[in-house]
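Architecture at a glance
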There are 2 protein chains.
Amino acid sequence: MISSTGEYALRAAVYLAQHRDAPQTTAKIAEGTKVPAGYLSKILQQLVRGEIASSLRGAHGGFVLLHDPDAVTVWDVLTAVGAAPERIETCPLGIERHEGLCPVHRLVDDAVAEAQRCFSSATLATLVSSVDGMTALCEVAPALGLPARGGSRR
Amino acid sequence: MISSTGEYALRAAVYLAQHRDAPQTTAKIAEGTKVPAGYLSKILQQLVRGEIASSLRGAHGGFVLLHDPDAVTVWDVLTAVGAAPERIETCPLGIERHEGLCPVHRLVDDAVAEAQRCFSSATLATLVSSVDGMTALCEVAPALGLPARGGSRR
DNA sequence: TTTATACTGGACAACTTTATCCAGTATCTC
DNA sequence: GAGATACTGGATAAAGTTGTCCAGTATAAA
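Below is a summary of the structure that appears in this document.

What counts, and where the lines are drawn
Residues numbered from 1 in each chain as written. Chains lettered and ligands numbered in written order. Predicted model: local features only at pLDDT ≥ 70, side-chain atom pairs only at ≥ 80, totals over all residues. Heavy atoms only, no water. Near = heavy atom within 4 Å. Polar contact = N/O pair within 3.5 Å; in protein donor to acceptor, adjacent residues only side chain to side chain. Nonpolar A, V, L, I, M, F, W, Y, C, P; charged D, E, K, R; others polar. Helix = DSSP H or I, 4+ residues; strand = E, 2+ residues; numbered from the N terminus. Buried < 20%, exposed > 50% of the residue type's maximum accessible area, 1.4 Å probe, protein only. Pairing = 2+ DSSP bridges. Axes fitted to C-alpha atoms, helices over the stretch in contact; angles between N-to-C directions. Parallel < 35°, antiparallel > 145°, perpendicular 65-115°, else oblique. Left-handed = near helix turned anticlockwise from the far one by under 90°. Contact = heavy atoms within 4.5 Å.

Another point: the protein's contact with DNA strand D. For DNA strand D, the set of nearby residues contains 27 residues, the closest of which are T5, Y8 and R57 of chain A together with K42 and R57 of chain B. When the atoms of DNA strand D within 4 Å of the protein are sorted by group, sugar and phosphate make up 67%. A distance of 3.2 Å separates a phosphate oxygen of DNA strand D from a polar backbone atom of S4 of chain A. One of the side-chain N or O atoms of T26 of chain B is found 3.2 Å from a phosphate oxygen in DNA strand D. For the surface near DNA strand D, the residue count by class is seven nonpolar, 15 polar and five charged.

Every one of the 27 residues lining DNA strand C counts as a neighbour, but K42 and R57 of chain A together with T5, Y8 and R57 of chain B are closest to it. A breakdown of the atoms of DNA strand C within 4 Å of the protein gives sugar and phosphate a share of 70%. A distance of 2.7 Å separates a sugar or linking oxygen of DNA strand C from a polar side-chain atom of R57 of chain A. Measuring from a base oxygen of DNA strand C, one finds a backbone N or O atom of A59 of chain A at 3.4 Å. Only α3 (37–49), β1 (53–56) and β2 (62–65) of chain A together with α1 (4–18) and α3 (37–49) of chain B provide two or more residues apiece to the surface near DNA strand C. Of the residues in the surface near DNA strand C, the class split is seven nonpolar, 15 polar and five charged.

Here the focus is the pairing of strand β2 (residues 62–65) of chain B. Residues and elements named next belong to chain B. Covered by surrounding structure in β2 are G62 and V64 together with F63 and L65, the residues of both alternating faces. Looking at chain direction, strand β1 (residues 53–56) and β2 are connected through four bridges and run antiparallel. For S55, the partnering residue across the bridge sits in β2 and is F63.

So, on to the packing of helix α2 (residues 26–33) of chain A against α3 of chain A. Residue and element names in this part refer to chain A. At a minimum axis separation of 9 Å, α2 and α3 run at an interaxial angle of 110 degrees. By the criterion of interaxial angle, the relationship of α2 to α3 is roughly perpendicular. For the pair α2 and α3, the sense of crossing is right-handed. The residues of α3 that touch α2, namely those facing T26, I29 and A30, are A37, L40, S41 and L44.

The following block contains the structure:
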């Protein structure tokens, strides 16, 4: 559904949303998100270019989220790293003389549109807020001492 | 959203659904779907193994759809070639001590589930049936739609 | 100013996906 | 049976994605 790059970017963005107090180094983000550090640095660069994060060089430098977590959608993050599923605008078969899409590509595009809607309606703030004792990035909130149930699955 | 392989498989399956009268050779399917012939043959093999189509060797051989078009969902086709988006069952970060998914992966999995629902509810029969003068595979139904001009159909 | 820190950018390697080609084999028609 | 047709499977290559590494550079702190 989304590429590794998209997953990684999302994890990194959520991590930054969880740690807004100070710049986070690539190494720390990599540790906290379990993303390969070398590759993560490339992704963080893309987030900077996409104006999701900003970077600070030098000692005590690192990356910080550029905007409020509730102003950044998941879609924004995926788009910044080119991992957002793309709408189908024109016929993939290269046939030009028609308006609209055939049923096949209409169906696929509908699925893409649904994904876009889903990803656009969730912000980093949404993801960071704990749900059922579960925090983002698959960490269990330790303070709540959750009674480990399987209830959150549909 | 779906890989090239998935697109190709879907086009091929729709083509077979449109031509159930006789076995269709790889060459004919490739021409009708604009899929690279060499690669298409691999995909057709996967459709055979996945019991979407069956193959007939020798003269007048080719591929035929194994079941009724309304008994084959788009999801079935994508699954047969390993191109169906996969549900997230376990935590991608490898953290084991929790039930369910964190909000991040819950969100992504919801999008996957939506795509699955979308692709499962459409059958090849659905796609083949003409809509608004548009037939599957981005061809315009000649009788209904835009003024046909010679030569655009190869 | 010096030093340590940490991002930047490029080169490169590993891996996966996509694509091509061909010899081999099964099947149909005559 | 002979010949033509067309799938099968393997080898191989091209392209894209993911991942690593390192020298260069900017910045903060002492």
